[in-house]
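# Analysis of the macromolecular model
Take a look at the letters that make up each chain.
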Amino acid sequence: MFDKRSDYALNKLDKEAIVYPSVTGVHIRLTREDFASEEEFLYWKKLSDGDYKDIESTGRGYYDSCISLNEARKSTDLSTEDAFFVPLMAAEQRERRIALLQKIKDALTETQYRRLWMYCVEEMNETEIAQAEHVGQPRVCRSLCRAKIILKKIFSEGSKTGDKNG
């Protein structure tokens with residue numbers, strides 16, 4: 001694609017000057033009057049056109065066969081890799097969650113697990129859990145504290161042994 005604002009285009013289209021960017025990004029024009037002779041200007045003009053063309057064409061074979069970032073951002077289609085791996089990764093995550101829940105269930109009593117579920121997943125507070133189970137709030141508090149201690153112990157052991165699933 002031809003970019004009319006590129007250094008190459010600006011220099012090539014302006015036949016009366018050598019155009020190049022300064023460090024501030026502003027383009028500077030060297031005209032015939034800035035050179036000692038017409039031959040000197042034409043020599044440097046031809047040289048600058050050639051240099052800019054070489055710079056512009058470097059890597060074009062690669063970039064001409066690619067889409068721009070703007071086009072890629074607009075694309076809503078999954079890449080081939082994503083279409084293949086996303087379902088596999090989702091299944092793997094689901095298996096990990098199931099295994100983690102089973103590990104938690106195995107470590108806790110049924111009551112601890114049920115109360116921890118209500119506390120963490122259903123976002124009930126201790127008083128609400130106590131009312132739902134017809135017990136006192138201190139009993140729920142002790143049960144949750146014991147469950148948290150057990151889980152903390154299990155997960156700290158898993159991280160010490162390098163068990164990624166623990």
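Preceding this paragraph is the structure being described.
Now for a quick tour of the structure. (Residues numbered from 1 in each chain as written. Predicted model: local features only at pLDDT ≥ 70, side-chain atom pairs only at ≥ 80, totals over all residues. Heavy atoms only, no water.)

So, about unusual backbone geometry. Backbone geometry at Glu 123 places phi at a positive 55°, although glycine is not the residue there. Position of Glu 123 among the secondary structure elements: in the loop between helix 6 (110–120) and helix 7 (126–133). Owing to a relative accessible area of 68%, Glu 123 belongs among the exposed residues under this scheme. (Helix = DSSP H or I, 4+ residues; strand = E, 2+ residues; numbered from the N terminus. Buried < 20%, exposed > 50% of the residue type's maximum accessible area, 1.4 Å probe, protein only.)

What follows deals with the pattern of salt bridges. Under the counting rule described, the total for this entry stands at six salt bridges. Arg 32 is the partner of Glu 16 in a salt bridge, and the nearest nitrogen-oxygen pair spans 3.1 Å. Taken together, the positions of Glu 16 in the loop between helix 1 (7–13) and strand 1 (17–21) and Arg 32 in the loop between strand 2 (27–31) and helix 2 (38–57) put the pair 16 residues apart, joining distant regions of the chain. Under the relative-accessibility criterion, Arg 32 is labelled partly exposed at 26%. (Salt bridge = Lys/Arg side-chain N within 4 Å of Asp/Glu carboxyl O.)

Now for the state of the cysteines. A covalent bond between the sulfur atoms of two cysteines is referred to as a disulfide. Following the criterion strictly, the structure yields zero disulfides and no others. Cys 141 takes part in no disulfide bond, and the closest cysteine sulfur to it belongs to Cys 145, at a distance of 4.1 Å. Looking at Cys 141, the relative accessible area reads 25%, which means it is partly exposed. (Disulfide = S-S within 2.5 Å.)

With twelve residues, the main nonpolar core is built from Ile 104, Leu 108, Tyr 113, Leu 116, Met 118, Met 124, Ile 129, Ala 130, Val 140, Leu 144, Ala 147 and Leu 151. If you list the elements that add at least two residues to this core, you get helix 6, helix 7 and helix 8 (137–160). Sorting elements by how many residues they give to this core places helix 8 first, with four residues. Leaving out residues up to four positions away in the same chain, Met 118 has contacts with Glu 123, Met 124, Ile 129 and Glu 133. (Core = buried A, V, L, I, M, F, W, Y, C linked by side-chain atoms within 4.5 Å. Contact = heavy atoms within 4.5 Å.)

The subject of this paragraph is a nonpolar patch on the surface. On the surface, Phe 84, Phe 85, Leu 88 and Met 89 cluster together to form a nonpolar patch covering roughly 430 Å² of accessible area. Checked against the element boundaries, Leu 88 lands in helix 5 (residues 80–107). What makes Leu 88 partly exposed here is its relative accessible area of 47%. (Patch = residues over 30% accessible without salt bridge, like charges linked within 9 Å, V, L, I, M, F, W, Y side chains within 5 Å. Areas by Shrake-Rupley, 256 points an atom, 1.4 Å probe, with all protein chains shown as cover.)

Here we come to the side chain of Ser 143. The topology assignment puts Ser 143 in helix 8. The exposure class of Ser 143 is buried, given its relative accessible area of 6%. Setting aside residues no more than four positions away along its own chain, Ser 143 makes contact with Thr 111, Gln 112 and Arg 115.

In this section: the environment of Tyr 119. Mapped onto the secondary structure, Tyr 119 falls in helix 6. A C-alpha to C-alpha distance of 9.9 Å links Tyr 119 and Val 140, two positions 21 residues apart in sequence. Setting aside residues no more than four positions away along its own chain, Tyr 119 makes contact with Met 124, Glu 126, Ile 129, Leu 144 and Lys 148.

A few words now on the pairing of strand 1. Inspection of the sheet shows strand 1 paired to strand 2 by five bridges, in the antiparallel sense. Residue pairing across strands places Ala 17 opposite Thr 31, the latter belonging to strand 2. Taking the residues between adjacent antiparallel strands as the criterion, strand 1 and strand 2 are bridged by five residues, where Gly 25 takes a positive phi near 95°. (Pairing = 2+ DSSP bridges.)

Further remarks concern the packing of aromatic side chains. Within this structure, the stated rule accounts for four aromatic pairs. Note on Phe 35 and Phe 41: the rings are 5.6 Å apart at their centroids and 65° apart in plane angle, and the pair reads as edge-to-face. Residue Phe 35 shares its accessibility class with Phe 41, and that shared class is buried. Taking the centre distance of 6.1 Å and the plane angle of 35° together, the rings of Tyr 113 and Trp 117 count as tilted. Here Tyr 113 and its partner Trp 117 are both found in helix 6, four residues apart, which amounts to about one turn of the helix. Relative accessible area serves as the criterion here: at 17%, Tyr 113 is assigned to the buried category. (Phe/Tyr/Trp six-rings, centres within 6.5 Å; stacked < 30°, edge-to-face > 60°.)

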